[in-house]
Amino acid sequence: TIRRSSIIEWLIVAYVFSAPLGNLVRFSSDENSLGLTTVLLFIIVIFGFQITLNNLLRSFIFQSFFVLIIWIILASTFSSTPIPTLISGIQLLLYLSLAIITFESIHNEDFIVRLITALCFGGLISSSTTIIDHFNLMNIPRVNEISVGTLVDSRVLMQAIVPFARRTAMAAYYSLTI
């Protein structure tokens, strides 16, 4: 029989694999579009709701993060753009749930190895598509679609930015994954 915990573990592994892929796993090219990682996040949170609830009731650290996020959500009502800010706060709750569920799923070394392997393969695919597209070996949709450069000695040095719309989006994906 398949245990619920093993399903959650494999969903987390799938999330960690797909997170570095950025725009490659989105459902459209719009920067705010949903994608595979969003679907996996919702499924993981639904399957692991009881795990999240139990940890919120007994862990001071998770309670602290929860209170902070609720405060952020309440403060968003004073924002000049309250709806997008509220949505960001709700996303933080989902990511907190993902962190709690992942924390509770780490029971053995095998799971940690699967997570690291998934992250490495996702990162390998992400960086490979970036290099292939950057050197014009093949045009890969949603990879390096915007031009980013850095001014160095009065010259602009162009950068490859992987399959993310912005470098901050890339940093957000990797930090959440790690």
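Residues numbered from 1 in each chain as written. Predicted model: local features only at pLDDT ≥ 70, side-chain atom pairs only at ≥ 80, totals over all residues. Heavy atoms only, no water.

**Comments concerning the overall build of the protein chain**
Put simply, the rule is: Every helix listed is a DSSP run of H or I at least four residues long, and every strand listed is a run of E at least two residues long, numbered separately from the N terminus. For every residue, the accessible area (1.4 Å probe, protein chains only) is compared with the maximum for its type, and the residue is labelled buried under 20%, exposed over 50%, or partly exposed between those bounds. For this analysis, residues touch if any pair of their heavy atoms sits within 4.5 Å. Throughout, the Shrake-Rupley method with a 1.4 Å probe supplies accessible areas, and for residues the shown protein chains are the sole cover considered.
The secondary structure content of the protein chain amounts to seven helices and two strands. Secondary structure elements of the protein chain occur, N-terminal to C-terminal, as α-α-α-α-α-α-β-β-α. The proportion of buried residues among the 178 residues of the protein chain is 35%. Look at the contacts in the protein chain between residues 6 or more apart in sequence, and 60% of them connect residues 24 or more apart. Here the protein chain has roughly 11200 Å² of accessible surface; of this, 69% comes from carbon and sulfur atoms.

**Notes on the confidence of the model for the protein chain**
Note the threshold: pLDDT is a residue-level measure of predictor confidence that goes from 0 to 100.
Looking at the protein chain as a whole, the pLDDT averages 83, with 84% of positions reaching at least 70. Per-element averaging of pLDDT across the protein chain places helix α7 (residues 167–177) at the bottom with 63 and helix α2 (residues 36–47) at the top with 93.

**Side note on the nonpolar core**
Cut-off, in case you're wondering: The definition of a nonpolar core used throughout is a set of buried Ala, Val, Leu, Ile, Met, Phe, Trp, Tyr and Cys residues joined through side-chain atoms within 4.5 Å.
Among the nonpolar cores identified, the biggest contains 17 residues, and Ile-12, Tyr-15, Leu-41, Ile-44 and Leu-115 are the most heavily contacted of them. Sorting the residues of this core by element identifies α1 (4–18), α2, α5 (82–105) and α6 (109–134) as the ones contributing at least two each. Top contributing element to this core by residue count: α1, with six residues. Contact partners of Leu-41, with chain neighbours within four places excluded, come to Tyr-15, Leu-94, Tyr-95 and Leu-98. Core analysis: the second largest hydrophobic core is formed by six residues, Leu-56, Phe-62, Ile-69 and Leu-96 among them.

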